[in-house]
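Chains, contacts and geometry: an overview
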Amino acid sequence: MISSENAFKFGEKAPDPKPPVDVSIKNSQNEKEEVKVSVPSDATMGDLRAALARQLGRSELAEVRLVRKLAGEWEQFKDSESLGTRRRIFVRGLETLHSA
């Protein structure tokens, strides 16, 4: 059964997907190593991590953490956290950002 909250009336157009944005992901151990990942503008950090795994040809990145540097310390993003306006993110837990 289709929920009335998610159903569209006959003839009603489904909402357009959010436009993609490019996010620069740098290796926290080697900042010269960088990849660009494209995700919808309303993506979460979990979505970004999944897109990174696909781009690198890996089935999952369970050990990988998306992080930012605050006051000299690495702070991990929660998977549920919105990407928002961030377009530069660091990654920890990968030796290299080259495809597998």
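These notes cover the structure that comes with them.

Right, let's talk about the side chain of Ser28 for a bit. Of note, Ser28 is situated in the loop between β1 (20-27) and β2 (30-40). If sequence neighbours within four positions are ignored, Ser28 has contacts with Trp74, Phe90, Val91 and Arg92.

Turning to the packing of aromatic side chains, a few remarks are in order. We describe a pair of aromatic rings using the distance from one ring centre to the other and the angle between the two ring planes. Inspection of the entire model under this criterion finds 1 aromatic pair. Arranged with centres 5.1 Å apart and planes meeting at 65°, the rings of Trp74 and Phe90 form a pair that is edge-to-face. Residue Trp74 is located in strand β4 (residues 73-76), and its partner Phe90 is located in strand β5 (residues 88-92); the two are separated by 16 residues in the primary sequence. In this structure Trp74 comes out as partly exposed when scored by relative accessible area, which is 25%.

Among the nonpolar cores identified, the biggest contains 22 residues, and Val39, Leu48 and Leu52 are the most heavily contacted of them. Put simply, the parts of the chain that give this core at least two residues each are β1, β2, α1 (45-56) and β5. Here this core gets 6 residues from one element, more than from any other, and that element is α1. Beyond its immediate chain neighbours, meaning those up to four positions away, Val39 contacts Pro19, Pro20, Val21, Val23, Asp47, Leu48, Ala51 and Leu83.

A few words on the sheet that holds strand β3 (residues 65-70). With mixed pairing, the 5 strands of this open sheet are ordered in space as β2-β1-β5-β3-β4. Strands with a single pairing partner mark the edges of an open sheet, and in this sheet they are β2 and β4. Adjacent strand axes in the sheet meet at a mean angle of 45°, parallel and antiparallel pairs treated alike. Where β1 and β5 come together, 4 bridges link them in parallel fashion. The residue of β5 that forms the bridge with Lys26 is Phe90. The sheet strands contacting α1 are β1, β2, β3 and β5, and the helix crosses β2 at an angle near 110°.

What counts as what
- Residues numbered from 1 in each chain as written.
- Predicted model: local features only at pLDDT ≥ 70, side-chain atom pairs only at ≥ 80, totals over all residues.
- Heavy atoms only, no water.
- Helix = DSSP H or I, 4+ residues; strand = E, 2+ residues; numbered from the N terminus.
- Contact = heavy atoms within 4.5 Å.
- Phe/Tyr/Trp six-rings, centres within 6.5 Å; stacked < 30°, edge-to-face > 60°.
- Buried < 20%, exposed > 50% of the residue type's maximum accessible area, 1.4 Å probe, protein only.
- Core = buried A, V, L, I, M, F, W, Y, C linked by side-chain atoms within 4.5 Å.
- Pairing = 2+ DSSP bridges.
- Axes fitted to C-alpha atoms, helices over the stretch in contact; angles between N-to-C directions.

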